[in-house]
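# Architecture and fold: a report
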Amino acid sequence: MSGRMTGATGTARTSEAERPQLSDAAAAYIRSMIMSGRWRPGDSVRPEVVGQALGISATPAREALHVLRVEGFLQLLPRRGFQVAPLTGQDVRDLFEAHALISGELAARAAVRVTPEDLAELEALHHELLAAAHRKDLALLEEKNHAFHRHINLVADARKITWVLGLTGRYIPTRFYSAIEGWPEATLHDHTGILAGLRAGDAEAARRAMHDHIANSGDLLARQFDRQAADDETSS
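Quick look at the structure, then. If you're wondering where the values come from, they're calculated on a predicted model, not measured in any experiment.

All chains considered together, the criterion is met by 1 aromatic pair. Seen in terms of ring centroids, tyrosine 29 and tryptophan 39 are 5.8 Å apart; in terms of plane orientation they differ by 85°. Their pairing is edge-to-face. Of the two residues, tyrosine 29 is situated in helix H1 (residues 19–35) and tryptophan 39 in the loop between H1 and helix H2 (47–54); the sequence distance between them amounts to 10 residues. Overall, tyrosine 29 belongs to the buried group, its relative accessible area being 12%.

Our next topic: a nonpolar patch on the surface. A cluster of nonpolar residues, Trp163, Val164 and Leu167, forms a patch on the protein surface that exposes about 290 Å² of accessible area. Considering the arrangement of structural elements, one finds tryptophan 163 in helix H7 (residues 159–169). A residue is classified by how much of its surface remains accessible, and tryptophan 163, at 57% relative accessible area, is exposed.

Topologically, glutamine 90 is positioned in helix H4 (residues 89–111). For glutamine 90, a relative accessible area of 43% corresponds to the partly exposed category. Note: C-alpha distance between glutamine 90 and glycine 218 (128 residues apart in sequence) is 9.5 Å. Looking at glutamine 90, its side chain comes within polar contact range of the side chain of aspartate 94, at 2.9 Å.

Time to look at the packing of helix H6 (residues 138–156) against helix H8 (residues 183–199). Contact pair H6 / H8: the axes reach a minimum separation of 12 Å and the direction vectors enclose 25°. Judged by the inter-axis angle, H6 sits roughly parallel to H8. Crossing of H6 over H8 shows left-handed handedness. Here Leu138, Leu141, Glu142, Asn145, Phe148, His149 and Ile152 of H6 come into contact with H8, specifically with Trp183, Pro184, Thr187, His191, Ile194, Leu195 and Leu198.

Further remarks concern the pairing of strand S1 (residues 74–77). The two faces of a sheet get side chains in turn, since along a regular strand they alternate between them. Pairing of S1 with strand S2 (residues 81–84), which is carried by 4 bridges, proceeds in the antiparallel orientation. Within the sheet, the bridge partner assigned to leucine 76 lies in S2 and is phenylalanine 82. Here S1 hands over to S2 after 3 residues, with arginine 79 in that stretch at a positive phi of 65°.

Each value, and the rule that gives it
- Per-chain numbering applies: the sequence of each chain, read as written, is numbered from 1 onward.
- A pLDDT threshold of at least 70 governs which residues receive local features in this predicted model, and a stricter bar of 80 or more applies before side-chain atom pairs are shown or counted, although totals over entire chains, interfaces and linings include all residues.
- Hydrogens are left out, water is left out, and the side-chain values use all remaining heavy atoms of the structure.
- Under the pairing criterion, centres of Phe, Tyr and Trp rings, with the six-membered ring standing for Trp, must be within 6.5 Å; the plane angle then separates stacked pairs below 30 degrees from edge-to-face pairs above 60, leaving the rest tilted.
- Runs of E in the DSSP output that reach at least two residues are strands. Runs of H or I that reach at least four are helices, and both are numbered from the N terminus.
- Relative accessible area decides the class of each residue, using a 1.4 Å probe on protein chains only: under 20% of the type maximum gives buried, over 50% gives exposed, and in between gives partly exposed.
- The patch calculation keeps residues exceeding 30% relative accessible area without a salt bridge and links them within 9 Å when they carry like charges or within 5 Å when they are nonpolar (Val, Leu, Ile, Met, Phe, Trp, Tyr).
- All accessibility values rest on the Shrake-Rupley procedure with a 1.4 Å probe; residue burial counts only the protein chains present in the view.
- Criterion for a salt bridge: a side-chain nitrogen of Lys or Arg within 4 Å of a carboxyl oxygen of Asp or Glu.
- Polar contact criterion, stated in full: a pair of N or O atoms within 3.5 Å, where within protein one must be able to donate a hydrogen and the other to accept it, and residues adjacent in sequence count only if both atoms are side-chain atoms.
- To obtain an axis, a line is fitted to C-alpha atoms, over the contacting stretch when the element is a helix, and the angle between two such axes runs from 0 to 180 degrees between their N-to-C directions.
- Here the word oblique covers every angle except those under 35 degrees (roughly parallel), over 145 (roughly antiparallel) and from 65 to 115 (roughly perpendicular).
- Definitions for this section: a left-handed crossing has its near helix turned counterclockwise from the far helix by less than a right angle. A right-handed crossing has that turn clockwise.
- In what follows, a contact means two residues having at least one pair of non-hydrogen atoms within 4.5 Å.
- We treat two strands as partners when DSSP finds at least two bridges between them.

Shown next, in the form of structure tokens:
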């Protein structure tokens, strides 16, 4: 997305009951676009264009913009509307570090609760990840990666910690991971270490492997942010 966002107004009609769910979906989409680096600091974000991208009306999209302003993803400037707020590579690293700490705790708890059936499911997901990477099916790779992490969090059986993870997870892109240079390869490597910790029932090894995996993903994304920022300065 460039900073000059234009497009037609979405035409979908929604009920009052549907609107909160649609605004949540719009907010998740915008967060992912920002955190993946698709939308850059200073880019304009217009509700009608968000609505068009998602096939919804501009009203829930506009509600999402106000939520994201409160969260710090967007800023509202007089006569200029909503724009992506400043975000640096170090900001990205910090957000992923917070996510990594919580994910590591969940992995540690999962290591002492995991059953042979759970391990079989995780091994199967890992093999599906390998197959998707081999076929360069990046959309499936992202889907199986999400399922892998979700299953570990379910095994941990720590509802409140998982809830907090969901809060930090707002700042982690739910799509476009595959566009991050080096992410597919790093994911396949890192998951092997996580599985080894779980298989051994070693809570600290699982914690370490999960923490390093999330932090590593954040560093890869942060490097991409840093490169884009340097390119922006060069072209300005």
